[in-house]
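Letter by letter, the chains look like this.
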Amino acid sequence: MTNDDVAKAYGSKSVHVEQLLGTEVAAADPDRNIIEPWAATVKGAILDVGSGTGRWTGHLATRGHDIEGLEPVEQLVDLARKNYPWIMFHRGSVNELADTDHRWAGLLAWYSVIHMGPEELPEALSVLRGVLQDDGTLLMSFFSGTTFMPFNHPVATAYLWPMDDMTFALETAGLSVVDQHWEPNAPHAHIIATATKH
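A brief look at the structure comes next.

## Overview of the nonpolar core
- In terms of nonpolar packing, the biggest core is built from 34 residues, with Leu107, Met140 and Leu170 touching the most fellow members.
- The greatest single-element share of this core, amounting to five residues, is contributed by helix α6 (residues 121-130).
- Sequence-distant contacts of Leu170, that is, excluding residues within four places in its chain, are made with Leu125, Leu138, Met140, Leu175, Val177 and Ile191.

As structure tokens, this is what we get:
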């Protein structure tokens, strides 16, 4: 699927994205134990890539972080702006970041590359590296497995990426993996990578 196809799928009236993703971060959300410590290490502005309903953008903003969101789906951008009117949310895709001269100290890509296959992901990672300050960090979550394969996601086709393959893709894009985690009995995985100097 193309980026436009994925955006249309998330924007479809038949997909209740607000219910699927939620608009707030629950106190007991286990992902807080990953995202909050990472954000605390970022020395500067953060971009939430694929910010969806804005829930993580809003959560980190309320914790004092300088953060803005980027989201390609118009309906989700509107929802995020409604729920978090004091935060800047931009409508756009990862690839459109290639046209900006802005650099961020941290990028949060929480399940925002899960619909990208081998043809799309390398370019997207290269673009993300390009908008990271040298020594800036990327926190990215994705679905992992022992072999690469597509699977049926509630909204659009998503992919399982073996950890070694994802690590290789990140390093090829100019990012050095400093932390990774995947439980083999579940598909959820995350990586923290640092932008190596050009």
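Once you've had a look at it, read on.
## Description of unusual backbone geometry
- Unusually for a residue other than glycine, Tyr111 sits at a positive phi of about 55 degrees.
- By the element assignment, Tyr111 lies in the loop between β4 (104-110) and α6.
- The class of Tyr111 is partly exposed, set by a relative accessible area of 22%.
- One non-glycine residue, Asp135, adopts positive backbone phi at about 75 degrees.

## Concerning the packing of aromatic side chains
- Tallying each qualifying case throughout the model produces five aromatic pairs.
- With 5.6 Å between their ring centres and 75 degrees between their planes, Trp110 and Tyr111 make a pair best called edge-to-face.
- For Trp110, a relative accessible area of 10% puts it in the buried group.
- A ring pair is formed by Phe148 and Trp161, whose centres lie 4.9 Å apart and whose planes are at 65 degrees; its orientation type is edge-to-face.

## Describing the pairing of strand β1 (residues 46-49)
- Residues Ile46 and Asp48 of β1 are buried on one face, and the alternating residues Leu47 and Val49, pointing to the opposite face, are buried as well.
- Note that β1 and strand β2 (residues 67-71) share four bridges and pair parallel. Bridging from a neighbouring strand, Asp48 pairs with Gly69 of β2.
- One crossover worth recording links β1 to the parallel β2 by way of helix α4 (residues 55-62), and it is right-handed.
- Pairing analysis gives three bridges linking β1 to β4, with the strands arranged parallel.

## Focus: the pattern of salt bridges
- Enumeration over the complete set of coordinates arrives at five salt bridges.
- Notably, a salt bridge pairs Arg32 with Glu36, separated by 2.5 Å at the nearest N-O pair. Remark: Glu36 and Arg32 occur in helix α3 (residues 32-41); sequence separation between them is four residues, near one turn of the helix.
- A salt bridge links Asp134 to Arg129, with the nearest nitrogen and oxygen atoms 2.7 Å apart.
- Each of Arg32, Glu36 and Arg63 takes part in one network of salt bridges that share partners.

## Focus on the packing of α3 against α4
- Contact geometry of α3 with α4 gives a least axis separation of 11 Å together with a crossing angle of 50 degrees. Overall, the two elements α3 and α4 adopt an arrangement that is oblique. Crossing angle aside, the handedness with which α3 passes α4 is right-handed. Contact with α3, carried on its side by Arg32, Ile35, Glu36 and Ala39, involves Trp56, His59 and Leu60 of α4 and no other residues of that element.
- Among the residues forming the contact of α3 with α4, the class breakdown is four nonpolar, one polar and two charged.

## Section: α3
- Those residues of α3 that fall on the buried side of the exposure criterion are Arg32, Ile35, Glu36, Trp38 and Ala39. Projected onto a plane normal to the axis of α3, the buried residues spread over an arc of 165 degrees and lie on a single side. Exposed and facing more than 90 degrees away from the buried side of α3 are Asn33 and Ala40.
- For α3, the elements touching its buried residues are β1, α4, β4, β5 (132-143) and β9 (188-195).

## Thoughts on the environment of Ile35
- Turning to its location among the elements, Ile35 is positioned in helix α3.
- Along the sequence, Ile35 and Trp56 sit 21 residues apart, while their C-alpha atoms lie 8.8 Å from each other.
- Once residues within four sequence positions are removed from consideration, Ile35 is found in contact with Trp56, Leu60, Leu108, Trp110 and Leu139.

The rules behind each value
- Residues numbered from 1 in each chain as written.
- Predicted model: local features only at pLDDT ≥ 70, side-chain atom pairs only at ≥ 80, totals over all residues.
- Heavy atoms only, no water.
- Core = buried A, V, L, I, M, F, W, Y, C linked by side-chain atoms within 4.5 Å.
- Buried < 20%, exposed > 50% of the residue type's maximum accessible area, 1.4 Å probe, protein only.
- Helix = DSSP H or I, 4+ residues; strand = E, 2+ residues; numbered from the N terminus.
- Contact = heavy atoms within 4.5 Å.
- Phe/Tyr/Trp six-rings, centres within 6.5 Å; stacked < 30°, edge-to-face > 60°.
- Pairing = 2+ DSSP bridges.
- Right-handed = clockwise from strand over helix to strand, strands pointing away.
- Salt bridge = Lys/Arg side-chain N within 4 Å of Asp/Glu carboxyl O.
- Axes fitted to C-alpha atoms, helices over the stretch in contact; angles between N-to-C directions.
- Parallel < 35°, antiparallel > 145°, perpendicular 65-115°, else oblique.
- Left-handed = near helix turned anticlockwise from the far one by under 90°.
- Nonpolar A, V, L, I, M, F, W, Y, C, P; charged D, E, K, R; others polar.
- Arc of directions from axis to C-beta.

Nothing here speaks to function; it is geometry throughout.
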